[in-house]
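Listed below are the residues making up each chain.
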Amino acid sequence: MSRIGRGFQLFKETFGILKKDREMILFPILSGVVTLLVVATFLLPLFFSGFLTDVGTSGSSPLGLVLLFVFYVVSYFIVIYFNTALVSCALIRLDGRDPTFMDGIHAASARIGKILSWTLIAATVGLILRLIRGDGDNLLASLASALLGAAWSLATFFVIPVIVVDDLGGFAAIQRSWKLFKSTWGETVVGSFSLGLIFIPAILLLLAGVLAMVIGSFEVSLVIFAVAFLLWVVSAVLYGALQGIFVAIMYRYATTGVVPDAIDRSLVEGAFVPKGFRQ
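Residues numbered from 1 in each chain as written. Predicted model: local features only at pLDDT ≥ 70, side-chain atom pairs only at ≥ 80, totals over all residues. Heavy atoms only, no water.

## Considerations on the overall build of the protein
The criterion, for reference: Per the convention used, a helix needs a DSSP run of H or I reaching at least four residues, while a strand needs a run of E reaching at least two, with both numbered from the N terminus. Residue burial is assigned from relative accessible area. The probe radius is 1.4 Å, only protein chains are included, and a residue is buried under 20% of its type maximum, exposed over 50%, and partly exposed in between. Contacts were defined at the residue level, with two residues in contact if any of their heavy atoms lie within 4.5 Å. Residue-level accessible areas treat just the shown protein chains as cover; the underlying method is Shrake-Rupley with a 1.4 Å probe.
Scanning the protein for helices and strands turns up 11 helices and 2 strands. Along the protein, helices and strands appear, N-terminal first, in the series α-α-α-α-α-α-α-α-β-α-α-α-β. Burial status across the protein gives 42% buried among its 279 residues. Looking at the protein alone, contacts between residues at least 24 apart form 72% of all its contacts between residues at least 6 apart. Element-wise, carbon and sulfur atoms account for 69% of the exposed surface of the protein, whose accessible area totals about 14500 Å².

## What about the nonpolar core?
Using the following cut-off: For our purposes a nonpolar core is just a set of buried Ala, Val, Leu, Ile, Met, Phe, Trp, Tyr and Cys residues, chained together by side-chain atoms within 4.5 Å.
In this structure, W118, F158, W185 and M250 are the most contacted members of the largest nonpolar core, which totals 62 residues. With residues up to four places along the chain from it excluded, the contact list for F158 reads S177, L180, F181, W185, V247, M250, Y251 and A254.

## Describing the pattern of salt bridges
Using the following cut-off: Whenever a carboxyl oxygen of Asp or Glu lies within 4 Å of a side-chain nitrogen of Lys or Arg, that contact is scored as a salt bridge.
One pass over the structure, following the stated rule, counts 6 salt bridges. Across the salt bridge formed by D95 and R252, the nearest N and O atoms sit 2.9 Å from each other. Of this pair, D95 sits in the loop between helix 3 (62-94) and helix 4 (101-109) while R252 is found in helix 10 (residues 218-256), placing the two residues 157 residues apart along the sequence. Overall, D95 belongs to the partly exposed group, its relative accessible area being 41%.

## Focus: helix 10
Quick reminder of the rule: Multiply 1.5 Å by the residue count of a helix minus one, and that product is the helix's expected span.
Over its 39 residues, helix 10 runs 55 Å from end to end, which matches the ideal 57 Å to within 8%, given 1.5 Å per residue. Where helix 10 terminates, the next one or two residues include G257, which has phi positive at roughly 80°.

## What to know about the environment of R252
What counts here: Any N or O atom pair separated by 3.5 Å or less is treated as a polar contact, with the protein-specific requirement of one donor-capable and one acceptor-capable atom, and with residues adjacent in sequence counted only for side-chain atom pairs.
By relative accessible area, R252 is classed as buried at 18%. Along the chain, R252 and L94 lie 158 residues apart, while their C-alpha atoms are 8.4 Å from each other. In this view, R252 contacts L91, L94, D95, G257 and V258; residues no more than four positions away in its chain are not counted. One polar contact links R252 to D95, side chain to side chain, over a distance of 2.9 Å.

## Quick look at the side chain of S235
Relative to the assigned elements, S235 resides in helix 10. Filtering out sequence-adjacent residues up to four positions away, S235 remains in contact with I198 and F199.

## Quick notes on the packing of helix 5 (residues 112-133) against helix 6 (residues 139-155)
Keep this limit in mind: Only the stretch in contact is used when fitting a helix axis, every axis being a line fitted to C-alpha atoms; angles between N-to-C directions are given from 0 to 180 degrees. The labels follow the angle: roughly parallel below 35 degrees, roughly antiparallel above 145, roughly perpendicular from 65 to 115, and oblique for the rest. Think of it as three bins: nonpolar holds Ala, Val, Leu, Ile, Met, Phe, Trp, Tyr, Cys and Pro, charged holds Asp, Glu, Lys and Arg, and polar takes everything else, Gly as well.
At a minimum axis distance of 8 Å, the contact between helix 5 and helix 6 shows a crossing angle of 160°. Our classification of the angle between helix 5 and helix 6 gives roughly antiparallel. Contacts between helix 5 and helix 6 pair W118, I121, V125, L129, I132 and R133 from the former with A141, S142, A144, S145, L148, G149 and W152 from the latter. Taken together, the residues of the contact of helix 5 with helix 6 sort by class into 9 nonpolar, 3 polar and 1 charged.

## Describing the packing of aromatic side chains
Worth spelling out the cut-off: Between the rings of Phe, Tyr and Trp (Trp by its six-membered ring), a pair exists once the centres lie within 6.5 Å; its type follows the angle of the planes, with under 30 degrees stacked, over 60 edge-to-face, and the other angles tilted.
Throughout the structure, instances matching the rule amount to 15 aromatic pairs. Pairing Y81 with F82 gives two aromatic rings, centres 5.3 Å apart and planes at 90°, and the pair type is edge-to-face. An aromatic cluster is built from F157, F158, W178, F181, W185, Y251 and Y253, whose rings are joined through pairwise contacts.

## Quick look at helix 4
Each turn of an α-helix holds 3.6 residues, which means side chains three or four residues apart point in the same direction. The criterion, for reference: Summarising the geometry, the arc corresponds to the directions from the helix axis toward the C-beta atoms.
Along helix 4, the positions that sit buried rather than exposed are G104, I105, A107 and A108. Here the buried residues of helix 4 occupy an arc of 165° about the axis, which is enough to place them on one side.

Put into structure tokens, the structure is as follows:
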């Protein structure tokens, strides 16, 4: 219950920052739209042709893996580019200035090379984790992939603000990110709360839709599923914007020890806690 309460408190306070600069919500929207266009024009034709059916399993063809890696690079680049723009605007707001949408675009565009270098590394790691997980039938492989992915997420938590502020890319950005994280929260930590709680209403609606279908109310279940889908999309957009703002806040705290007045300091200081002390 403590974790849930802190999660909703975090949502409330970061949302207060987002309301001051509503244009920041455009970045996750554009990221999602462009990614969907890439999927529609690149991945779906290959999938329906059956070419990518076995990609990521033991029967993967070399050409299939190459195409999957290309897709990873393109989709990762889109997400990282718009996240860089979002974090840039969030950092401007934390500095007490009023950012514009184009401020974020200009900041990201000026760091295309750094973004590309980070994209190539992230896509490579993503593909490796996908290959480790395989088709998901091996529980140990899936668990190993999940644990490695979680460790990778922590080590690279600050990569995007490092790209924006320190103008580093690739392995240098990863090293700087891990150094900041380790010096602030230590090496053995777990997450204390999550902005992912924002998806709870959509999940509850999906469960309600399943229940309606089980009891025979097919038309009602379709309506509930449609509303749940729309709510999920809205939640995903909000999550993307709030996560970018939160990363910027955490970076400011890790580098300066300063927390914005609008944010409860305990939420930042307790964002990651040593193992064995999680509440």
